[in-house]
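Reading the structure
Spelled out, the chains give:
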Amino acid sequence: MDVVQLLRQYIDCKTTLFREGILDDQFTQLQKLADDSSPSFVVEVVSLFFDDSEKLLKNLTQALEQPVVDFKQVADHAHQFKGSSSSIGAQRVKNVCIAFRTYCIEENLDGCLKCLQQVKHEYALVKNKLENLLRLEQQIVAAGGSIPPVE
Amino acid sequence: MEACNCIEPQWPADDLLMKYQYISDFFIALAYFSIPLELIYFVKKSAVFPYRWVLVQFGAFIVLCGATHLINLWMFTMHSRTVAIVQTAAKVLTGVVSCATALMLVHIIPDLLSVKTRELFLKNKAAELDREMGLIRTQEETGRHVRMLTHEIRSTLDRHTILKTTLIELGRTLALEECALWMPTRTGLELHLSYTLRQQHPVGFTVPIQLPVINQVFSTNHAVKISPNCPIARIRPITGKYMPGEVVAVRVPLLHLSNFQINDWPELSTKRYALMVLMLPSDSARQWHVHELELVEVVADQVAVALSHAAILEESMRAQEQLVEQNVALDLARREAETAIRARNDFLAVMNHEMRTPMHAIIALSSLLQETESSNLLATLINDVLDLSRLEDGSFKLDVGTFNLHGVFREVLNLIQPIASVKKLLISLNLASDLPVFAVGDERRLMQVLLNIVGNAVKFSKEGSISVTAFIPKSEFLGDSRAPDFIAVQTESYFYLQVQVKDSGPGVNPQDIPKLFTKFAQSQMPATRSSNVSGLGLAICKRFVSLMEGQIWIESEGLGKGCTAIFTVKLGIPESSNETKLALLPKVPTNSVQGKFSGLKVLVMDENGVSRSVTKGLLMHLGCDVTIVSSSEECLLVVSPLFKVILLDVCMPGVDGFDVAVQIRKRFSKRHERPLIVALTGNSDRLARDNCLRAGMDGFILKPVSVDKMRSILLDLLEHGSVFEAHQ
């Protein structure tokens, strides 16, 4: 696949991400931080986010499967997830986390379970798209092209 | 009639008599026959009878007797000769057997009688054994009781519990009516009734300790029987009509720590005793048995041991409490001392910083003019002492920063120029061309050293010229010729500066040169006043120079030949940063704003790993030197005045970022040391803002932060010292 096609795919992917609100302006900020001395800054932060999120999702699932649910703990995990997703710009995940926290405060188990499902879904979506985006970036760079700068 | 053997009855047939005889004989026979049957039956039943054959004999005898009587029945009427013969035979046999039996019985009856006596004997023996068993059992019980009592007593270390348990257990074991303990009072002159078994709260009975009965009890370690009417036994009203039960008293030694001398354990001389009184129930005929007395004595000993253990424990706990108190007091004293030291240092710093410098400059300059070391010398000396004292106790640190090296020289010369002109001395400055314009080091101290050296040169030169040269020395010119092992290696980030100040003054005797740098040394020749120094100036210069990893020395060819003061110091090159710790430090893009942030030390506390990395990346992109911590403990450990800015995430649940801020404020109360604290939060309401203000924070940023926002906030902070914004 040649560079032009890759670039086109990259731009499409990115536009979709932003149009659908999966990522917000924070991600753009992160991309601005990548420069000559830390070219893989975004990749590093994104991998960190993936690791962190897997852990949080596992904890959330476990916590909600307990016979007696500790809503405070679930709220803490949701707060953490909200923090990390907002730092990286995963907007939709962040929004679900906000709702999640509210359900936890109300101790509404059904609401929490529903949110858990939703957040898992959103996370899978953003993970997929980000991995795609980053892979395209790598391919572009490998093929000799350069990533269009962020406005 | 023929002669027949029938015997005609003597008298006429008296039917009644005959009939009676007949019946009696019949019954006799019956009895005689039934007895053996009974005998056989019973013998068969009991298998133990030893004399069977006697029975057989006896049986035979009885049977034969019976037979005789039976045959007699036929003799009443007409009977034939056979009957008579049979009767005779029977009688003969009977006679034989009965004689035999009689003879046998003579042997047997004593035996049978002795059986009886043996039986009686055995019964007695069994009763005796039973009694002994009972005694042994009682003793074993007693032993068990003692063990149990001891166990109970030893299982607690509380005095009261020990004594109460003793009384209760003794009361139970020995079924006592009353059991009481008299303890000696503080004065030791009286015994006070402290514990009783049955009465709940013994009212304060006291008896004087010198009663004869008490002395009697105290003089022996055995339990002593005492009269129920003596004062120590009259504890309760007598309930029974009869005699009160027997009373026994025993001493309980109260051992003190100082009494534990291993060698004379059994004979502790000045001892205190307590008295235990035990009363058997009244109206019972019980008496004190020996084993009970022994039990009481053993228990008294055990109680003594248990009480001494309790006493030791109390002592050690008291000692421990005392130690704790002492520790607390010492800690307080140490803290106060530290505060005092800090106050002194602060005072010195203030003196140094605010007041001394202008004063010193003025004094130095005026003394340069006057060539006298008179009136203001004292002040100078004092000030120099302040500096030197700080140098001495090692609390002195160089104030490193980037400065204009050429500017320093120019300023020194500007200061000295007027005086030199007045004295008509020519001063020349020669800076090498390869000398960098900017350097990293302690500008103020370098200037002080220069001022001192050049000032000295001016002071002691009456005429002529003074030349100041500064250059980067080649390796072979570095160092004092007298210190050949001083080799300075030039590296990329440092360079050595050598300054030579040559004057045409009176010079110094080469022998005096070493003394120049010692403090308080006076010249050997006060009359000439040609020595180049007095007081502390050069000593301080030497200290500063060695702090800057350099050397200072004076060369002179002798008196009248002038003198050259030379010193070298190590300075840093400002281009390369000192902070090589952070390998990830990105290359700083040339941005006019960049210079303001280069190397700015920032501390970031955030629990969330992702947002931590993002904030770090952001700050590093702006050129800051970022340290990240993830908890408040780490934060408080790492924080130091080196950090100019601290970013605290305050929306971590369970972690009080505000509290960290308050603690940091407390720790660094001095204004110039205090880092600027900024809160990072996702919460934009007024309450959060107020909390930040109250915790003493200098700023408040809403997460997530963009590069531009961070940059402008940092700028604001550094310029104004505070930034507060409510919206992103």
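Nothing here was measured: the structure is a model prediction, and the numbers come from that model.

Conventions and cut-offs
- Residues numbered from 1 in each chain as written.
- Chains lettered and ligands numbered in written order.
- Predicted model: local features only at pLDDT ≥ 70, side-chain atom pairs only at ≥ 80, totals over all residues.
- Heavy atoms only, no water.
- Helix = DSSP H or I, 4+ residues; strand = E, 2+ residues; numbered from the N terminus.
- Buried < 20%, exposed > 50% of the residue type's maximum accessible area, 1.4 Å probe, protein only.
- Contact = heavy atoms within 4.5 Å.
- Areas by Shrake-Rupley, 256 points an atom, 1.4 Å probe, with all protein chains shown as cover.
- Buried area = accessible area lost by both parts, 1.4 Å probe.
- Salt bridge = Lys/Arg side-chain N within 4 Å of Asp/Glu carboxyl O.
- Polar contact = N/O pair within 3.5 Å; in protein donor to acceptor, adjacent residues only side chain to side chain.
- Pairing = 2+ DSSP bridges.
- Axes fitted to C-alpha atoms, helices over the stretch in contact; angles between N-to-C directions.
- UniProt positions renumbered as here; feature names shortened; annotations may be inferred.
- Disulfide = S-S within 2.5 Å.
- Parallel < 35°, antiparallel > 145°, perpendicular 65-115°, else oblique.
- Left-handed = near helix turned anticlockwise from the far one by under 90°.
- Expected span 1.5 Å × (residues − 1).
- pLDDT = per-residue confidence, 0-100.
- Phe/Tyr/Trp six-rings, centres within 6.5 Å; stacked < 30°, edge-to-face > 60°.
- Lys NZ or Arg CZ within 6 Å of the ring centre and 35° of its normal.

Looking only at helices and strands, chain A features six helices and zero strands. Starting at the N terminus and ending at the C terminus, chain A contains elements arranged as α-α-α-α-α-α. When burial is assessed residue by residue, chain A has 44% of its 151 residues classed as buried. Of the contacts made within chain A by residues no fewer than 6 positions apart, 67% connect residues no fewer than 24 positions apart. As displayed, chain A has an accessible area near 7,900 Å², and 50% of this comes from carbon and sulfur atoms.

As a further point, take the interface of chain A and chain B. Every contact between the two is made by 20 residues of chain A and, on the other side, 19 residues of chain B. Interface of chain A and chain B: buried area, both sides summed, is about 1,700 Å²; carbon and sulfur atoms make up 62% of it. Linking chain A with chain B are zero salt bridges, by the criterion used here. Summed over the shared surface of chain A and chain B, the result is two residue pairs in polar contact (both at pLDDT 80 or more). Only helix 2 (25-33), helix 3 (41-65) and helix 4 (71-88) of chain A provide two or more residues apiece to the side of chain A that touches chain B.

Residues and elements named next belong to chain B. On the basis of which strands lie adjacent, the open sheet formed by six strands has the order 3-2-1-6-5-4 and antiparallel pairing. If you trace the sheet from one side to the other, it starts and ends with strand 3 (206-208) and strand 4 (224-226), each paired once. The average undirected angle you get between the axes of adjacent strands in this sheet is 30°. For strand 2 (residues 190-196) and strand 3, the ladder comprises three bridges, and the chain directions are antiparallel. When the sheet's bridge partners are listed, Glu-190 is paired in strand 3 with Pro-208. In the packing of helix 4 (residues 159-174) onto the sheet, contacts are made with strand 1 (178-184), strand 2 and strand 6 (272-279), and the angle to strand 2 comes to roughly 70°.

This part covers the UniProt feature "modified residue: 4-aspartylphosphate" (unreviewed entry) in chain B. Residue and element names in this part refer to chain B. Mapped onto this numbering, the UniProt entry gives "modified residue: 4-aspartylphosphate" (unreviewed entry) at Asp-649. Position of Asp-649 relative to the elements: it lies in strand 16 (residues 645-649). Not counting chain neighbours up to four residues away, the residues in contact with Asp-649 comprise Met-605, Asp-606, Gly-657, Leu-680 and Lys-703.

Another aspect to go through is the state of the cysteines. Residue and element names in this part refer to chain A. A full pass over the atoms with the stated rule returns zero disulfides over all chains. Summary of cysteine pairing: Cys-104 is not part of a disulfide, and the nearest cysteine sulfur, belonging to Cys-112, is at 3.8 Å. Note on Cys-115: no disulfide assigned, nearest cysteine sulfur contributed by Cys-112 at a separation of 6.8 Å. Since its relative accessible area comes to 2%, Cys-115 is described here as buried.

All names here are of chain A. The UniProt entry lists His-79 under the feature "modified residue: Phosphohistidine" (unreviewed entry), expressed in the numbering used here. Position of His-79 among the secondary structure elements: in helix 4. Judged by its relative accessible area of 15%, His-79 is buried.

This brings us to the packing of helix 9 (residues 443-459) of chain B against helix 11 (residues 537-547) of chain B. Residues and elements named next belong to chain B. Helix 11 packs onto helix 9 with a crossing angle of 140° between their chain directions and a minimal axis gap of 10 Å. Comparing their axes, helix 11 and helix 9 come out oblique. Every pair of crossing elements has a handedness; the one defined by helix 9 and helix 11 is left-handed. Here Arg-445, Gln-448, Val-449, Asn-452, Ile-453 and Asn-456 of helix 9 lie close against helix 11, whose contacting residues are Gly-537, Leu-538, Cys-541, Phe-544 and Val-545.

Residues and elements named next belong to chain A. Here helix 4 spans 26 Å end to end across 18 residues, near enough to the 26 Å set by a 1.5 Å rise per residue. With 13 of 18 residues buried, helix 4 lies mostly within the body of the structure. Gly-89 lies just past helix 4 and shows a positive phi near 95°.

All names here are of chain B. The share of residues in chain B with pLDDT of 70 or more is 78%, and the mean pLDDT across the chain is 77. With pLDDT under 50 throughout, residues 576-594 is counted as low confidence; its partners more than four residues away or in other chains account for 25 contacts. With a pTM of 0.36, the predicted complex shows an ipTM of 0.85.

What follows is about the packing of aromatic side chains. Residues and elements named next belong to chain A. The final tally for this structure, using the stated rule, is seven aromatic pairs over all chains. Between Phe-49 and Phe-50, the ring centres sit 6.1 Å apart and the planes meet at 45°, which makes this aromatic pair tilted. The pair formed by Phe-49 and Phe-50 is uniform in burial state, with each residue classed as buried. For the pair Phe-81 and Tyr-123, a centre-to-centre distance of 6.2 Å together with 65° between the ring planes defines the contact as edge-to-face. Note that Phe-81 is positioned in helix 4 and Tyr-123 in helix 6 (residues 109-142), a separation of 42 residues in sequence. For Tyr-123, a relative accessible area of 4% gives the class buried. Sitting over the ring of Phe-50, Lys-127 keeps its end group 5.6 Å from the ring centre.

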